[in-house]
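Here are the chains, one letter per residue:
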Amino acid sequence: MKPVGAITRGTTNPNRLRRVDNFIAYRCGALLTEAARPLVIDLGYGATPVTAVELRSRLAAAVRSDVAVVGLEIDPVRVSGAQPFADPPWLEFRRGGFELAGLAPVVVRAFNVLRQYAEDEVAAAWRAMTATGALLIEGTCDELGRIATWAVVEDGVPTTLTLSARLPTLEHPAVFAERLPKALIHHNVPGHPVHELLRALGRAWETEATPFGPRQRWTATVRRLRDEGRPVLDGPARWRLGELTVPWP
């Protein structure tokens with residue numbers, strides 16, 4: 001199939017996507033465990049295949065040992081360069097884009113891919129990547145993976161938004177504004193829900209200053225948001241990891 005999409009910048013680093021990988025194991029573990037063929041696609045893995053290799057290793061350890069990961073890239077040079085890291089049938093690298101190379105995965109991870117597209121192209125990309133029933137995890141992060149945000153998308157429709165930070169290096173939740181998913185980044189202005197969420201998160205963070213460390217401060221911050229009536233999902237076990245998940249609406 002002819003790949004659909006454009007070549008990304010390809011920037012990547014080891015452990016850059018560790019935070020979202022752990023979320024995938026948590027959020028998609030049951031789906032993968034129950035699947036007849038637990039296939040995951042890493043779309044747009046970049047100039048080196050390190051994040052696809054790490055995804056396969058983490059899911060095999062945390063979910064089930066026979067999880068298969070296929071890394072897709074539009075650039076044939078990147079696909080060729082990744083072949084020494086392949087371990088068929090558990091880890092493969094192929095040429096493909098939003099059409100998913102004709103595969104029918106259970107989960108698709110597309111990170112730092114849609115950031116280079118126009119906002120009005122996002123919905124079509126979401127629909128394409130979930131057309132066969134896959135659950136899509138789509139988002140963006142900084143170069144070291146210390147700040148990340150992502151959406152869970154089902155049938156082309158976003159259902160949740162997650163903000164995730166490495167807490168020892170988090171100075172203020174305002175930094176999430178720079179790394180929002182493409183569908184939201186231009187809506188971080190007064191009158192829009194994501195702007196109000198980030199403002200409330202910042203106020204809670206400033207209120208919950210504590211001498212007991214960043215993990216305790218973040219947990220108290222998220223609990224304050226929930227107590228204020230925000231529809232915070234999950235619980236303290238996820239909050240302590242530096243996560244905040246809310247329904248997309």
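Heads up: these notes are all about the structure in this document. Being a predicted model, the structure only gives us computed values, none of them experimental. (Residues numbered from 1 in each chain as written. Predicted model: local features only at pLDDT ≥ 70, side-chain atom pairs only at ≥ 80, totals over all residues. Heavy atoms only, no water.)

## Description of the pattern of salt bridges
- Tallying each qualifying case throughout the model produces 13 salt bridges.
- Across the pair Arg-179 and Glu-143 runs a salt bridge, and its minimum N-O distance is 3.5 Å. Of this pair, Arg-179 sits in the loop between strand S7 (157-165) and helix H5 (182-185) while Glu-143 sits in the loop between strand S5 (135-141) and strand S6 (147-154); the two residues are 36 residues apart in sequence, bridging distant segments of the chain.
- The partly exposed category is assigned to Glu-143, whose relative accessible area is 38%.
- Between Glu-243 and Arg-238 there is a salt bridge; the shortest N-O distance is 2.8 Å. The residues Glu-243 and Arg-238 share a single accessibility class, namely buried. (Salt bridge = Lys/Arg side-chain N within 4 Å of Asp/Glu carboxyl O. Helix = DSSP H or I, 4+ residues; strand = E, 2+ residues; numbered from the N terminus. Buried < 20%, exposed > 50% of the residue type's maximum accessible area, 1.4 Å probe, protein only.)

## Thoughts on the packing of aromatic side chains
- The full count for this structure, using the stated rule, is eight aromatic pairs.
- Ring geometry for Tyr-45 versus Phe-93: centroids 5.2 Å apart, planes at 70°, classification edge-to-face. Linking Tyr-45 in the loop between strand S1 (39-43) and helix H2 (50-62) with Phe-93 in strand S3 (residues 91-95), this pair joins segments that are 48 residues apart in sequence. For the pair shown, Tyr-45 and Phe-93 are each scored as buried.
- Measuring from ring centre to ring centre gives 6.1 Å for Phe-111 and Trp-150, while their planes differ by 55°; the resulting arrangement is tilted. With a gap of 39 residues between them, Phe-111 in strand S4 (residues 107-111) and Trp-150 in strand S6 connect regions that are remote in the sequence.
- Residue Phe-111 is classed as buried on the basis of its relative accessible area of 5%.
- Residue Trp-150 is classed as buried on the basis of its relative accessible area of 0%.
- Put simply, the rings of Phe-23, Tyr-26, Phe-111 and Trp-150 touch in pairs and so form one group of aromatic residues. (Phe/Tyr/Trp six-rings, centres within 6.5 Å; stacked < 30°, edge-to-face > 60°.)

## Observations regarding the environment of Val-67
- In this structure, Val-67 sits in the loop between H2 and strand S2 (68-73).
- Given a relative accessible area of 0%, Val-67 falls into the buried group.
- Through-space distance from the C-alpha of Val-67 to that of Gly-44 is 19 Å; in sequence the pair is 23 residues apart.

## A short note on the sheet that holds S6
- In spatial order, the strands read S3-S2-S1-S4-S5-S6-S7-S8; together these eight strands make up an open sheet with mixed pairing. At either end of the open sheet lies a strand with only one pairing partner, and these are S3 and strand S8 (243-247). Going from strand to strand, the sheet's axes swing by 20° on average, the running direction of each strand aside.
- With five bridges connecting them, S4 and S5 associate as parallel partners. (Pairing = 2+ DSSP bridges. Axes fitted to C-alpha atoms, helices over the stretch in contact; angles between N-to-C directions.)

## Looking at helix H6 (residues 193-207)
- With 15 residues, H6 should cover 21 Å at 1.5 Å per step; its first-to-last C-alpha distance of 21 Å lies within 8% of that length.
- When we look at burial in H6, the residues that qualify are Val-194, His-195, Leu-197, Leu-198, Ala-200, Leu-201, Gly-202, Ala-204 and Trp-205.
- The elements touched by buried residues of H6 are S7, H5, helix H7 (214-227) and S8. (Expected span 1.5 Å × (residues − 1). Contact = heavy atoms within 4.5 Å.)

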